[in-house]
Amino acid sequence: MAEGILLILSGPSGVGKGTVCRYLLTIKEALKLSVSTTTRPPRTGEVEGKEYNFTTTSHFKDMIKQDSFLEWAIVHDYYYGTRREKVRELLLTGQDLILEIDVQGAKQIKEKVSDAVSIFLVPPSREILEQRIIGRGTEDSERIRQRLETARREMDAYYLYDYLVINDTVEAAAGLIGSIIDAEKSKVSRGVRPPGWGGEN
Ligand code: 5GP
């Protein structure tokens, strides 16, 4: 059986990665979203095991020592990481997996998983992104300032990615990511073979 595709989705804070990802999962039913581990406290409505696995800083550091993470990073003062075992298990069973992670994590994955496909989601304009960050209203002004600064810095990293997708509408952005997945799955270099001609796995 062919291994699943490992997708990375990044983009600046407030670009709408979560919304695009949720919509993408409804149009690509075979795709699974990786649940990261974080030391950030849950926001209202967030459920343990669904959005994240929430943990303490000391437990997270233990997991780093045990080499449990395929990648990890500190974002806005909190630890975030992707567990190595979970990713391996899913990919080996042919499951496609999407990681919604930051630029630092994306770099680490690209070094370790050469055929991972990385996608950078950008806003239609700078003004729209700033409005979204300010308007979200879930954080105090210091955190908003931090997020605006991080977002501006994160935008500069787009050139490290394989694909750039503009989040004009959620449907169009998710549709384009769906097409990228379809195209990647047709790559001969991934082991696709003509059916019925021998050589197919
Ligand atoms: P939030 O706290 O708003 O859910 O996420 C903050 C940032 O952390 C986002 O840019 C998100 O993509 C990133 N992030 C979430 N999970 C992970 C992870 O496992 N690893 C890395 N490197 N970044 C993550």
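This text goes with the structure placed above it.
Residues numbered from 1 in each chain as written. Predicted model: local features only at pLDDT ≥ 70, side-chain atom pairs only at ≥ 80, totals over all residues. Heavy atoms only, no water.

Colleague: Describe the sheet that holds strand β6 (residues 78-83), naming the residues involved and giving the relevant values.
Modeller: Sheet architecture is open: four strands sit in the order β4-β3-β6-β5, paired in mixed fashion. Taken across any chain shown, the strands that pair with only one partner, and hence form the sheet edges, are β4 (52-54) and β5 (69-75). Between one strand and the next, the sheet's axes are offset by a mean angle of 25°, whatever the strand orientation. When strand β3 (residues 36-38) meets β6, the two strands line up antiparallel, connected through two bridges. In the strand pairing of β6, Thr-38 is matched with Tyr-80. The sheet contacts of helix α2 (residues 57-65) involve β3, β5 and β6, and relative to β6 the element is tilted by about 40°. (Pairing = 2+ DSSP bridges. Helix = DSSP H or I, 4+ residues; strand = E, 2+ residues; numbered from the N terminus. Axes fitted to C-alpha atoms, helices over the stretch in contact; angles between N-to-C directions. Contact = heavy atoms within 4.5 Å.)

Colleague: So what's going on with the nonpolar core? Residues and values would help.
Modeller: With 23 residues, the main nonpolar core has Leu-7, Leu-9, Ile-98, Ile-119, Leu-121, Val-165 and Ile-177 as its most contacted residues. Ranked by residues supplied to this core, first place goes to helix α7 (residues 170-185) with five residues. What Leu-7 contacts, discounting residues up to four positions off in sequence, is Leu-31, Leu-97, Ile-98, Leu-99, Val-117, Ile-119 and Ile-181. Counting 17 residues, the second largest nonpolar core, distinct from the first, contains Leu-97, Ile-109, Phe-120 and Val-122. (Core = buried A, V, L, I, M, F, W, Y, C linked by side-chain atoms within 4.5 Å. Buried < 20%, exposed > 50% of the residue type's maximum accessible area, 1.4 Å probe, protein only.)

Colleague: Give a detailed account of a nonpolar patch on the surface, specifying residues and quantitative values.
Modeller: A cluster of nonpolar side chains, namely Tyr-158, Tyr-159, Leu-160, Leu-164 and Ile-166, defines an oily patch on the protein surface of about 520 Å² accessible area. Summarising the element assignment, Leu-164 is placed in strand β9 (residues 163-166). Overall, Leu-164 belongs to the partly exposed group, its relative accessible area being 44%. (Patch = residues over 30% accessible without salt bridge, like charges linked within 9 Å, V, L, I, M, F, W, Y side chains within 5 Å. Areas by Shrake-Rupley, 256 points an atom, 1.4 Å probe, with all protein chains shown as cover. Salt bridge = Lys/Arg side-chain N within 4 Å of Asp/Glu carboxyl O.)

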